[in-house]
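One letter stands for each residue in the lines below.
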Amino acid sequence: MIYQAGNYEVVVIGAGHAGCEAALASARMGCKTLLCTLSMEHIALMPCNPSIGGPAKAQLVREIDALGGEMAINIDKAQIQMRIINTGKGPAVQALRAQADKQEYYREMLKILLAQPNLDVLMAEIEDLEITQDRVGAVITKTGARFKCQAVVITSGTYLKGRIIIGDVIYDGGPGNQFPAQKLSASLLNNGIELGRFKTGTPPRINRRSVDFSKMTEQPGDERPLTFSFISPRINRPQLSCWLTHSTAQTHQIVMDNIDRAPMFTGVIKGRGPRYCPSFEDKVVRFSHKDAHQLFVEPEGRHTDEMYVQGLNTSLPEDVQMAVLKSIPGLENVRIMRTGYAIEYDYVPPAQLKLSLETKAIEGLFTAGQINGTSGYEEAAAQGLVAGINAALKVQEKEALVLKRNEAFIGVLIDDLVNKDIDEPYRLLTSRAEYRLLLRQDNADIRLTAKGREIGLVDDRRWQDFNSKMETLEKTKTLFQQNTFTPADLEATAFLKEKGSAPLKDRLSWWDLLKRPEIGVSDFENMNWINVLDEDIAEQIQIQSKYQGYIAKQQEQVKKFEKMENRRIPVEIDYDEVYGLANEARQRLKEVRPTSMGQASRITGVNPADINVLYIYLEKKRRN
Amino acid sequence: MYDDIIGAISTPLGEGGIAIVRVSGEGAIEKINKVFQPRAPGKDLRSRKPFTLTLGYIKDEEQGILDEVLVSIMKSPRSYTGEEMVEINCHGGALAAKRCLQRVLSLGIRLAQPGEFTQRAFLNGKMDAVQAEAVIDIIRAKTERGLKLALKQMEGKNSQYIKSLEDLLLEANMLLEASLDFSEDIGDLDYRRVRELMESSRDGIDKMLRAGELGDVYKEGISVAICGKPNVGKSSLLNALLRKERAIVTDVPGTTRDVIEEYVNIQGIPVKIIDTAGIRDTSDLVEKIGIDKARQAISEADLVVLVLDVEAGMTEEDMNIYRSLEKQERIILLINKDDLMAKNIKQKDIERHFSSLDVIWASTKDDIGIQSLAEMIEKKVTAGLADNEQLEFTVSLRQKELLKEARQYIQEVLEALELVPMDCLGVDMQNALISLGQLTGRDLKEESIDRIFREFCIGK
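As a starting point, this report considers the structure included with it. (Residues numbered from 1 in each chain as written. Chains lettered and ligands numbered in written order. Predicted model: local features only at pLDDT ≥ 70, side-chain atom pairs only at ≥ 80, totals over all residues. Heavy atoms only, no water.)

What about the overall build of chain B?
Stage number 1. On a plain count of helices and strands, chain B comes out with 15 helices and 13 strands.
Stage number 2. A buried classification covers 53% of the 460 residues belonging to chain B.
Stage number 3. In chain B, of all internal contacts separated by at least 6 residues, the share reaching a separation of at least 24 is 68%.
Stage number 4. A total accessible area of about 20800 Å² is found for chain B, and carbon and sulfur atoms account for 51% of it. (Helix = DSSP H or I, 4+ residues; strand = E, 2+ residues; numbered from the N terminus. Buried < 20%, exposed > 50% of the residue type's maximum accessible area, 1.4 Å probe, protein only. Contact = heavy atoms within 4.5 Å. Areas by Shrake-Rupley, 256 points an atom, 1.4 Å probe, with all protein chains shown as cover.)

In structure tokens, the structure reads:
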């Protein structure tokens, strides 16, 4: 029997990385919010790798932070190792990466959720959505509770009709042997949402005490670990190491000897898996010329013996997994603690979404995270934040937040999802961002804090910190731009000589001097020309001066891009009425329903001629 | 996209006395003025009234003259497109118009898409809504024709070649991006390999551009000016080349008072031969005009044949004429009247004064040396262009523009390689990919990502 159980403004279904952000954002924006989870013990679960960050993902985490999300702060609390990756390759691709204590990550997030005003957390499986006149009105739990609401955010991860595959052992299940969500898919289908099927996988976990680390290479954390959040305190906990080993010819032989038992090749697995995260058996078959694949052994936390074997995700039968592991240097006597598996799940092909992550078919229904065909905790959290914000804005009858491709990696992510044909789980890469040099992890706060403030997610303390940072930054910039050296300055001349830097020919500003590769802000500090700067100020000065030329180039490109973005397409446009569109373009435009000419031009299947035709149609319309 | 300045040749391709280069967009007058030199001083385009014609020249990068033109200007909204417009009437025919357009494009003006002028006219309210559909038909028809043409070209050797260039760049980009996004899986960037790939793609582009130039030589022809002091046999030479008597030939100096143009096919190349008036100091006004025109014709010519008279010997006048050709890169020295007994020019004189020139001993009267001249003209105008047996010589202007654009970006990457961080390199690399990708309509950015996954073993 269905009974009336409560009334909320926003209901979030699923408490993973997307769900937590969505629920917190909505509640913090003043909406009465319900967060439903299948298991109270598995909130903010990291069912795959124990790490957050890395190229493109670190940018996302910093952006989440600047907008007032939680992931950055939470991983700063739960980290056991911090490392900067890609140093020396340029500021745009430098990326922080954390190894997480999974349990601690869960506990810290739970604390935040429970302490959040306006937010209730409930253990329940949502089986049905109540939709009236294409608008969401309530959710109904397995046990018959009906919660009225004005907006719903589905962040179901890989739980929708989840199916676990280990060799020939196949059963219904969510990640980490959780219950799957069996009914929600049907509710979505009944309400006109199309579903697709993807596959992903995870490696076995092994017992630390059974590993011989002497045969592996140690990968320590940074000596001075940085934080993701712009407001986290400095980290001074001891850092744990990861370990590097590799597969052997014997390993590959074992895989090949058992390939007829691999579900990937027997046809048991039908869902499309990600190419950037192939299963180990896939790697062995496709890259047969390689005689070793590197494998990282990573701790899953401070208070557990479980370790993650990065590079070995597999759905081979358990006995083969064991044999494979034992052929790896350092794992000769290994004991498995969890078996690796592949998981198939339903997802919502994201062309059905608006850029706000609201579904086009059902008003008030938002989806975020893996349900949208993405992979990665960070991609999920970023979407969750945006969906939560927009659900709240919807309830408050305000305009949705849409980040553009030149503003944030979050913008690139969502724009890609909506406009591209997504035929495998989508992972963000720095190379997907055409304005990468502007979207750095170091300037996420400069790019987005004001937006977060406007939405209402940036509190006074963060806002004041940010403003005082900006003030110092501007002052310091002026200092560097206005002060100059001349060839007559003896101290400067001696300094340049010592640095092996060319002598001055004319008057040169400090700012321009910084553009020389061999000169850095620290030189100005060491020479006592300036007081010692805050690290983040020094970093900004350094990057903004040294890369000024390339940054300016990208800003030029952005100007062109924005012109197209600013040409809006009215929502009521009827593409059947547009004379001269190619059939495929018409089909895709009807599907995606772009909001701007810029967006239209990025849709797979829409050509420049179609864009011209569209321009003419709109102008004609405007005149009538 | 829709408020930049665009330009194109708006008269039909093919032979025609006059061709019009049309330019539209805010700031068009200012831009064109930079390469325009009015015939009458003070007739700066910016000071001219709309709908007036101004006679002058389009200048090349070295301030030399590309063509004599009549320019009309129109101001917004009173023009075809409703925007500020400049129309350049090129007098030199199709080839000259093409060169003018190239010069115009070098100013940062974008080559117009098919139907784009008409489209702008509509968008700016210069046409009513009924006409709008006609505009769409134009766009469709032209792009579809363009597409068919492109598809036809795709079957050809050039498309294979462009594809191979794209692949080189794609691989370089893939190596760079993979090492940025998957550094732990892949390791350090192999700069040497990236440099090799970028250099090969640049050299390939150059090859293709040269093939295009060669194609232009055979398709659109060249101009050859014959010059020399009076009565050395310039007109006879022209006639020998034409194999027919058209120019009046007399023994009185100064007979050829104007510039005479004739068209002839030399070794398969359409050649416009310009017989210039005998250049000399003169007080005769009519003749003076002829000489001025001759000077201009010489400066515009692709190649100059300098004629000496073996009987008259070498004089200071010959040297003066030679010195006046200093801007010309291609000069052939033809020593005429080699049939006569009086040899007042010796081999050693030639070596002393014209050591850098190719020399032909000829007799226009007896058709001696004419074939050698024809062969030498061909050799000189195709020199450096003919190293592409595997290429077809049809490179369209649009392709040329994109190739040049891509080349510029590639060059910038090459110059910055190992000096700037990798993410900065990515900026120009990406631009190069976009430019090249437009040639074949490939989404190279997406393909590059695909290739990373195909070629590298990546994954957690």
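Further notes follow.
A look at helix H1 (residues 17–28) of chain A
Residue and element names in this part refer to chain A.
Stage number 1. The terminal C-alpha atoms of H1, which comprises 12 residues, lie 17 Å apart, in line with the 16 Å expected from a rise of 1.5 Å per residue.
Stage number 2. Taken as a whole, H1 has its buried residues at His17, Ala18, Gly19, Cys20, Glu21, Ala22, Ala23, Leu24, Ala25, Ser26 and Ala27.
Stage number 3. Positive backbone phi, approximately 95°, marks glycine 30, located one or two places after H1. (Expected span 1.5 Å × (residues − 1).)

Points about the sheet that holds strand E19 (residues 306–310) of chain A
For sheets, the rule is that strands pair by backbone hydrogen bonds, running either parallel or antiparallel.
Residue and element names in this part refer to chain A.
Stage number 1. The sheet built from 6 strands is open, its strands ordered E16-E17-E18-E19-E15-E20 with antiparallel pairing. A strand with exactly one partner marks an edge of an open sheet, and here the two such strands are strand E16 (217–219) and strand E20 (336–338). Between one strand and the next, the sheet's axes are offset by a mean angle of 35°, whatever the strand orientation.
Stage number 2. The pairing of E16 with strand E17 (residues 242–246) spans 3 bridges and is antiparallel. Pairing of glutamine 219 across the sheet is with cysteine 242, part of E17. (Pairing = 2+ DSSP bridges. Axes fitted to C-alpha atoms, helices over the stretch in contact; angles between N-to-C directions.)

Remarks on the packing of aromatic side chains
Stage number 1. Going through the model one piece at a time under the given rule, you end up with 13 aromatic pairs over all chains.
Stage number 2. Seen from their ring centres, phenylalanine 198 of chain A and tyrosine 347 of chain A are 3.8 Å apart, and the 10° between their planes marks the pair as stacked. Residue phenylalanine 198 of chain A is located in strand E14 (residues 196–202), and its partner tyrosine 347 of chain A is located in strand E21 (residues 341–347); the two are separated by 149 residues in the primary sequence.
Stage number 3. Exposure remark for tyrosine 347 of chain A: the relative accessible area of 7% places this residue in the buried category.
Stage number 4. One aromatic cluster is present, formed by Phe480, Phe485, Phe495, Trp510, Phe524 and Trp529 of chain A through successive ring pairs.
Stage number 5. Above the face of the phenylalanine 230 of chain A ring, arginine 62 of chain A is positioned so that its terminal group lies 5.2 Å from the ring centre.
Stage number 6. When the ring centre of phenylalanine 117 of chain B is taken as origin, the NZ or CZ atom of arginine 22 of chain B, which lies over that ring, is 5.5 Å away. (Phe/Tyr/Trp six-rings, centres within 6.5 Å; stacked < 30°, edge-to-face > 60°. Lys NZ or Arg CZ within 6 Å of the ring centre and 35° of its normal.)

Looking at the pattern of salt bridges
Residue and element names in this part refer to chain A.
Stage number 1. Inspection of the entire model under this criterion finds 73 salt bridges over all chains.
Stage number 2. The closest approach of N and O atoms between aspartate 416 and lysine 420, which form a salt bridge, is 3.7 Å. We note that aspartate 416, like lysine 420, is buried.
Stage number 3. Connected via shared salt-bridge partners are Arg405, Asp415, Asp416, Lys420, Glu434, Glu565 and Arg602. (Salt bridge = Lys/Arg side-chain N within 4 Å of Asp/Glu carboxyl O.)

A closer look at the interface of chain A and chain B
Interfaces are often sized by the amount of accessible area the parts lose when they come together.
Stage number 1. Counting from both sides, the interface comprises 61 residues of chain A and, opposite them, 52 residues of chain B.
Stage number 2. Counting the surface lost from both chain A and chain B, the interface buries some 5000 Å², and carbon and sulfur atoms represent 53% of this.
Stage number 3. Across the chain A-chain B interface, the total number found is 5 salt bridges.
Stage number 4. Between arginine 97 of chain A and glutamate 184 of chain B there is a salt bridge, with its nearest N and O atoms 2.8 Å apart.
Stage number 5. Counting only elements with at least two residues in the side of chain A that touches chain B, the list comes to strand E5 (79–85), helix H8 (280–286), strand E18 (294–299), E19, helix H18 (548–565) and helix H21 (608–623) of chain A.
Stage number 6. Of the residues forming the side of chain A that touches chain B, the biggest block, 9 residues, is contributed by H21 of chain A.
Stage number 7. Looking at the side of chain A that touches chain B, its residues break down into 26 nonpolar, 14 polar and 21 charged. (Buried area = accessible area lost by both parts, 1.4 Å probe. Nonpolar A, V, L, I, M, F, W, Y, C, P; charged D, E, K, R; others polar.)

Comments concerning the pairing of strand E8 (residues 222–227) of chain B
Residues and elements named next belong to chain B.
Stage number 1. A large share of E8 lies buried, amounting to 6 of its 6 residues.
Stage number 2. Residues Ile222, Val224 and Ile226 point to one face of E8 and Ser223, Ala225 and Cys227 to the other, with burial holding for every one of them.
Stage number 3. Where E8 and strand E10 (residues 269–275) come together, 5 bridges link them in parallel fashion. Note on E10: the bridge partner recorded for serine 223 is lysine 272.

So, helix H7 (residues 191–220) of chain B
Stage number 1. Compared with an ideal rise of 1.5 Å per residue, which puts 30 residues at 44 Å, H7 of chain B spans 42 Å between its outermost C-alpha atoms and is within 8% of the ideal.
Stage number 2. Of the residues flanking the end of H7 of chain B, it is glycine 221 of chain B, one or two places downstream, whose phi is positive at about 85°.

These results come straight from atomic positions and should not be treated as a statement about function.
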